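Understanding the architecture of this molecule
One-letter residues, chain by chain:
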Amino acid sequence: MTDQSISWKEDGIDTGWFFAKGVGSVRSSVSYRPGGWWFLAEWLPDTEEHDIGPFKTKAAAIAEAERLKSLQSHTDNR
């Protein structure tokens, strides 16, 4: 999956929550928990110990999410 094929969408109810099919979700401290922006990979259970972060910005969280998805995709193709 390349960066160009990842489409992040804002949640229709919570403006601090963004998700991308096949990647996961990025949540802000306002909508989720303090400290910054958090990423949860789609391929992991939705539990606090699987949250990655905090990141200072949404852009940093999304960049890490896309990087990890790229690594995950590479591993899946072996």
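Thresholds, definitions, all that
Residues numbered from 1 in each chain as written. Predicted model: local features only at pLDDT ≥ 70, side-chain atom pairs only at ≥ 80, totals over all residues. Heavy atoms only, no water. Helix = DSSP H or I, 4+ residues; strand = E, 2+ residues; numbered from the N terminus. Contact = heavy atoms within 4.5 Å. Areas by Shrake-Rupley, 256 points an atom, 1.4 Å probe, with all protein chains shown as cover. Core = buried A, V, L, I, M, F, W, Y, C linked by side-chain atoms within 4.5 Å. Buried < 20%, exposed > 50% of the residue type's maximum accessible area, 1.4 Å probe, protein only. Pairing = 2+ DSSP bridges. Salt bridge = Lys/Arg side-chain N within 4 Å of Asp/Glu carboxyl O.

What about the overall build of the chain?
Looking only at helices and strands, the chain features one helix and five strands. Starting at the N terminus, the α and β elements of the chain follow one another as β-β-β-β-β-α. Contacts in the chain between residues far apart in sequence, at least 24 positions, make up 17% of those at least 6 positions apart. Here the chain has roughly 5000 Å² of accessible surface; of this, 54% comes from carbon and sulfur atoms.

Remarks on the nonpolar core
Core analysis: the biggest nonpolar cluster contains 14 residues, and W8, V23, V26, W37 and F39 have the highest contact counts within it. At the level of elements, β2 (17-20), β4 (37-41) and α1 (58-76) are the ones that each hand at least two residues to this core. Top element by residues in this core is α1. It accounts for four residues.

Thoughts on the pairing of β4
β4 sits mainly inside the fold: five of its five residues count as buried. The alternating pattern of β4 places W37, F39 and A41 and W38 and L40 on opposite faces, both of which are buried. Pairing of strand β3 (residues 24-27) with β4, which is carried by four bridges, proceeds in the antiparallel orientation. The residue of β4 that forms the bridge with G24 is A41. Sheet analysis places β4 next to strand β5 (residues 52-55), joined by two bridges and oriented antiparallel.

Describing the pattern of salt bridges
A full pass over the atoms with the stated rule returns four salt bridges. Of the charged contacts, one joins D46 and R27 as a salt bridge, the two residues approaching to 3.5 Å between their closest N and O atoms. Taken together, the residues D46 in the loop between β4 and β5 and R27 in strand β3 connect sequence positions 19 residues apart. Its relative accessible area of 54% is what places D46 among the exposed residues. Since its relative accessible area comes to 6%, R27 is described here as buried. A salt bridge links R67 to E64; the shortest N-O distance between them is 2.8 Å. Of this pair, R67 and E64 both sit in helix α1, three residues apart, which is roughly one turn of the helix. Given the relative accessible area of 43%, R67 is considered partly exposed.

In short, shape yes, function no, at least from these values alone.
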